[in-house]
Amino acid sequence: MSFKDKAFLITGGCTGIGFATARHLLAEGAKVAVTDIAQATVDRAVAELAGGDRVIGLAGDAANTKAMAAVVAETASRFGQLDGLVASAGIRQRSVAITELTDDVWDEVIRVNLRGVFVSCRAAVPHLIASQGAIVTVSSLSADVGRLEQTAYCASKAGVAQFSRALSLELAQYNVRVNTVCPGSIDTPMVRKAQEQDGPQTLRDRVEGSPARFRAGIPLRRIGEPQDLADLIGFLLSSSAKHITGQAINIDGGESVI
């Protein structure tokens, strides 16, 4: 598929799934803006993407209304249009029992993972109506599958999936499509952080299963790669998916089948 003359904004586009998606879209001819809250992370990503004038990096908090309004406006101004948004900014919750889950941790997980999707979509929608573009939000398998000691994260990702379904109905009249990808375990900084926070056995428990963690394992016997998500996101943004909207698609090595 070709994205020549198309322009996209990717929140959380400097690492993990967002970065792989940016690289994928650039390879298909797109113009891409990537965001992260830290300027140093943005600068490093832009240098690694090496897309010349087809890539810009913008520091901004995806959950901050003013910051995202500025990011969207700058993207549309620099590229002359906005054809798609990938809302992939997110953080994980360290596994903790509900009695030990603080207000601050709950609020931050909901703020980044759910409010960030709302704020970025709200800012982008007027431009996407003009271009009849598309939105892809990044939720998680945890939107549908409960995870032990991950109440804030599961709630935030379930919110993303349902928000996206509702938004797809609202924007259908403008021919703007909204879909969600729901990754299982993917080889990203978030999974590596899980190993640091919850122990080195975390990855084994995810792949092989763990009765103690209520995990059944991954039938394909491996975690996914960020490119697996980038391929799917690229498809959902493309004209090949012109009759697909309101869907939440698992990409999890078969974990959701069990």
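Higher on the page you've got the structure.
Being a predicted model, the structure only gives us computed values, none of them experimental.

This part is about the packing of helix α1 (residues 16-27) against helix α2 (residues 39-49). Running from amino to carboxyl end, α1 crosses α2 at an angle of 35 degrees, the nearest separation of the two axes being 11 Å. The element α1 and its partner α2 pack so that their crossing is right-handed. In this structure, α1 contributes Phe 19, Ala 22, Arg 23 and Leu 26 to the contact, and α2 contributes Ala 45, Glu 48 and Leu 49. Among the residues making up the contact of α1 with α2, the classes are represented as five nonpolar, no polar and two charged.

One pass over the structure, following the stated rule, counts eight salt bridges. Across the pair Lys 4 and Asp 5 runs a salt bridge, and its minimum N-O distance is 3.7 Å. Overall, the relative accessible area of 58% leaves Lys 4 in the exposed class. Judged by its relative accessible area of 49%, Asp 5 falls in the partly exposed class. Where Arg 215 meets Glu 255, a salt bridge forms, and the shortest distance between an N and an O atom there is 3.3 Å. Here Glu 255 lies in the segment after β7 (248-251) and Arg 215 lies in the loop between α7 (202-208) and α8 (226-237), a separation of 40 residues in the sequence. Residue Glu 255 is classed as buried on the basis of its relative accessible area of 7%. Among the charged side chains, a salt-bridge network with shared partners connects Arg 147, Arg 215 and Glu 255.

The next thing to look at is the packing of helix α4 (residues 103-131) against helix α5 (residues 151-171). Interhelical geometry of α4 versus α5 gives an angle of 15 degrees and a closest axis separation of 8 Å. On the basis of their axis angle, the class for α4 and α5 is roughly parallel. For the crossing formed where α4 meets α5, the hand is right-handed. When α4 is examined against α5, the residues Trp 106, Val 109, Ile 110, Asn 113, Leu 114, Val 117, Phe 118, Cys 121 and Val 125 are found in contact with a partner set consisting of Thr 151, Ala 152, Tyr 153, Ala 155, Ser 156, Lys 157, Gly 159, Val 160, Phe 163, Leu 167 and Leu 171. Residue composition of the contact of α4 with α5, grouped by class: 15 nonpolar, four polar and one charged.

In terms of burial, strand β2 (residues 31-36) is largely enclosed, as six of its six residues are buried. Both faces of β2 are covered, namely the face carrying Lys 31, Ala 33 and Thr 35 and the face carrying Val 32, Val 34 and Asp 36. Examined bridge by bridge, strand β1 (residues 7-11) and β2 share four bridges and lie parallel to one another. Its bridge partner lying in β2, Phe 8 is registered against Val 32. Tracing the backbone out of β1, into α1 and back to the parallel element β2 gives a crossover that is right-handed.

Nonpolar side chains in soluble globular proteins generally cluster together in the buried interior. Among the nonpolar cores identified, the biggest contains 28 residues, and Leu 25, Val 32, Leu 49, Val 181, Ile 233 and Leu 237 are the most heavily contacted of them. Among the secondary structure elements, those contributing two or more residues to this core are β1, α1, β2, α2, β5 (134-138) and α8. Beyond its immediate sequence surroundings of up to four residues, Leu 25 is in contact with Phe 3, Phe 8, Ile 10, Ala 30, Val 32, Gly 234 and Leu 237. The next biggest cluster of nonpolar side chains, apart from the first, holds 27 residues, and it includes Ala 7, Val 72, Ala 89 and Leu 171.

Quick notes on the rules
Residues numbered from 1 in each chain as written. Predicted model: local features only at pLDDT ≥ 70, side-chain atom pairs only at ≥ 80, totals over all residues. Heavy atoms only, no water. Axes fitted to C-alpha atoms, helices over the stretch in contact; angles between N-to-C directions. Helix = DSSP H or I, 4+ residues; strand = E, 2+ residues; numbered from the N terminus. Left-handed = near helix turned anticlockwise from the far one by under 90°. Contact = heavy atoms within 4.5 Å. Nonpolar A, V, L, I, M, F, W, Y, C, P; charged D, E, K, R; others polar. Salt bridge = Lys/Arg side-chain N within 4 Å of Asp/Glu carboxyl O. Buried < 20%, exposed > 50% of the residue type's maximum accessible area, 1.4 Å probe, protein only. Parallel < 35°, antiparallel > 145°, perpendicular 65-115°, else oblique. Pairing = 2+ DSSP bridges. Right-handed = clockwise from strand over helix to strand, strands pointing away. Core = buried A, V, L, I, M, F, W, Y, C linked by side-chain atoms within 4.5 Å.

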